[in-house]
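As a plain string of letters, each chain reads:
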Amino acid sequence: MHEILTITLNPAIDLATSVGKVIAGPKLRCSAPQIDPGGGGVNVARTVCKLGHSARALIAVGGTTGAGLLALLDAETVPTHPVHVSGETRQSFAVTDESSGAQYRFGLPGETLTPQDADALIAEIATAAPKDGLVVLSGSIAPGLPDDYPLQILNAIKPRTDKLIIDTAGPVLMRLIANPTSPVYLLRLDQNEAAEAAAHPMRTIADSVAFAEGLVARDVARIVVTGRGPEGSVLVSQDQKFLCHAPHVPVRSKIGAGDAFVGSMTLSLARDEPLDRALQWGVAAASATVSTEGTALCEQQMVEDLLPLCTIEQI
C-alpha cells in the first residue's frame, strides 16, 4: 500500500456542545463539550487511522493550543509531523439547538503566518512527502500564505510523487481553477464550491458532470469529485464518469463529513483500488460521519456496513 501524508495549514481544536434553545441575551448553560483535533488534513488522517490504517499528519502548529492539538492526536495514536509556526493555533466550535436540532458552527480565524513560516512549511513538506505516495492538502489555507500555495506544494513534492489531492475553498480554490499550471491528481469540491466556481447553481447531476468535465479538460486536475449532498457524489476523469448514490442515514452533524470522504477515498486509492470503488468508500465514510454527534468522525464498522448501500452508476 502507498503511504499517505496529509497537510493541514490552518488546524484547530474543535469543540461541540448543545443547549436547550439558542437565544440572544441570557447566559446559556451548555452541555459538556466534545473536544477533538480538527482541520481538514487532520481529520483526513484521523479517518484513515479509524479505518484501520495509517496516515501521517503534517500540521502547522503554534502556542499552547497547538500543543493541545498534538496531545489530542497523540491520544488517538495518529502519527504527526508538527511544523512549529508563529502565532497560536485556532479553535472552532459548534452549538446544537436541542429544541430545533439546528446546528450553529463558528470558525475562528487562524493567525497570520510569516514568509519564514511559509518557507519552513514548504521545506518540511518536500522532505516528508512519501516516495510514490499520496499527499492530501485539505482544509483552509492559513492567513499570510499566498493563493498559489497549493501549486508551490505540488512543485515541492514532484521529485517524490505526483499524486496531490486537494480539498480546499475560497480564493485559493478559485485561483487553482482559474489559472491551472499543472494538473493535480485529484480535486474535490462540494456542491456550493462547484456552484461558486461555475458561477451558476449545480441544480442537476448533469450540471455537476459538465463542470467536472470542464476542469479535467482544462488540466486543473486528472480526477474531479463533486459532492451533491444527500444525492451522493460525482467523479469524472479523462475516461471514466461515475455517480455514487448516498444511503439514507439520520443527519445529526455534518462536521467532518467532507474530510471523512477524502480520508476514506484516499485510503482506497492508496490500496490501488479502482476509481468507482474509491468513490464508494468516500461516500460511505461521509454518510457514516453525518450520522454521528458533534465533531465525531466515522467508525470503521459503520463505514463497512454502509459500503454495500452506496450504489455506483456509470454515467
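Note on numbering: residues in each chain are counted from 1, in written sequence order. Restriction of local features to residues with pLDDT of at least 70 applies here, the model being predicted, together with a cutoff of 80 or more for giving and counting side-chain atom pairs; totals for whole chains, interfaces and linings are based on all residues. Side-chain measures were taken over the full set of non-hydrogen atoms in the model, leaving aside hydrogen atoms and water.

Caption draft 1: Molecular detail of unusual backbone geometry. A positive phi angle, close to 55°, is found at Thr 77, a residue other than glycine. Inspection of the secondary structure puts Thr 77 in the loop between helix H2 (63-75) and strand E5 (80-84). At Asp 219, a position not held by glycine, the phi torsion is positive, near 60°. Helical segments are the DSSP runs of H or I of at least four residues, strand segments are the runs of E of at least two, and each set is numbered from the N terminus. Take Asp 219: it is sitting in the loop between helix H7 (205-217) and strand E11 (221-227).

Caption draft 2: Broad picture of the state of the cysteines. For the purposes of this analysis, a disulfide is any pair of cysteine sulfur atoms at a distance within 2.5 Å. Counted by the stated rule, this structure contains 0 disulfides. Lacking any disulfide linkage, Cys 49 is separated from the closest cysteine sulfur, that of Cys 298, by 11 Å. With no disulfide partner, Cys 310 has as its closest neighbouring cysteine sulfur the one in Cys 244, 4.9 Å distant.

Caption draft 3: Geometry of the packing of helix H1 (residues 40-50) against helix H8 (residues 257-270). All axes here are fitted lines through C-alpha atoms, helices being fitted over the stretch that makes contact, and every angle between N-to-C directions spans 0 to 180 degrees. Between H1 and H8, the least distance of the axes is 8 Å, while the angle of their chain directions is 50°. Looking at the two axes, H1 sits oblique to H8. Handedness of the H1/H8 crossing: right-handed. Contact with H1, carried on its side by Gly 40, Asn 43, Val 44, Thr 47 and Val 48, involves Asp 259, Ala 260, Val 262, Gly 263, Ser 264 and Leu 267 of H8 and no other residues of that element. Of the residues contributing to the contact of H1 with H8, the split by class is 5 nonpolar, 5 polar and 1 charged. For classification purposes, angles smaller than 35 degrees are called roughly parallel, those larger than 145 roughly antiparallel, those between 65 and 115 roughly perpendicular, and all remaining angles oblique. For a crossing to be left-handed, the near helix must be turned anticlockwise from the far one by less than a right angle; the clockwise case is right-handed. Contacts were defined at the residue level, with two residues in contact if any of their heavy atoms lie within 4.5 Å. Polar here means any residue outside two lists: the nonpolar Ala, Val, Leu, Ile, Met, Phe, Trp, Tyr, Cys and Pro, and the charged Asp, Glu, Lys and Arg; Gly therefore counts as polar.

Caption draft 4: Local environment of the sheet that holds strand E7 (residues 103-107). Criterion used throughout: strands pair if DSSP finds at least two bridges between them. Strand order in the open sheet formed by 4 strands is E3-E2-E6-E7, and the pairing between neighbours is mixed. A strand with exactly one partner marks an edge of an open sheet, and here the two such strands are strand E3 (34-38) and E7. Averaged over neighbouring strand pairs, the angle between their axes works out to 20° when direction is ignored. As judged from the 8 bridges shared by strand E2 (residues 12-19) and strand E6 (residues 90-97), these two strands associate in the parallel manner.

Caption draft 5: Geometry of the packing of aromatic side chains. Put simply, two rings from Phe, Tyr or Trp (the six-membered ring, in Trp's case) pair if the centres are within 6.5 Å, and we call them stacked under 30 degrees between planes, edge-to-face over 60, tilted for the rest. As enumerated under the stated definition, the model contains 1 aromatic pair in all. The residue whose ring lies beneath Lys 163 is Tyr 185, and the NZ or CZ to ring-centre distance is 5.4 Å. We call a charge positioned over a ring when the NZ of a Lys or the CZ of an Arg lies within 6 Å of the ring centre and within 35 degrees of the ring normal. Above the ring of Phe 261, the side-chain terminus of Arg 188 is found at 5.3 Å from the ring centroid.

Caption draft 6: Structural detail: the pairing of strand E4 (residues 56-61). Counting buried positions over the 6 residues of E4 gives 5, a clear majority of the element. One ladder, built from 4 bridges, connects strand E1 (residues 4-8) with E4; its direction is parallel. Across the sheet, the residue bridging to Thr 8 is Ile 59, located in E4. Pairing geometry for E4 and E5, over 5 bridges, is parallel. Note on E5: the bridge partner recorded for Ile 59 is Pro 82. Relative accessibility under 20% of the residue-type maximum defines a buried residue, over 50% an exposed one, and the middle range a partly exposed one, all with a 1.4 Å probe and only protein chains included.

Caption draft 7: Representation of the sheet that holds strand E9 (residues 164-167) in the model. Read across the sheet, 10 strands follow the order E5-E4-E1-E8-E9-E10-E11-E12-E13-E14 without closing on themselves; strand pairing throughout is mixed. Looking at which strands have only one partner, the edges of the open sheet turn out to be E5 and strand E14 (312-314). Geometrically, the sheet is characterised by an average inter-axis angle of 15° between neighbouring strands, direction not taken into account. One ladder, built from 4 bridges, connects E1 with strand E8 (residues 134-138); its direction is parallel.

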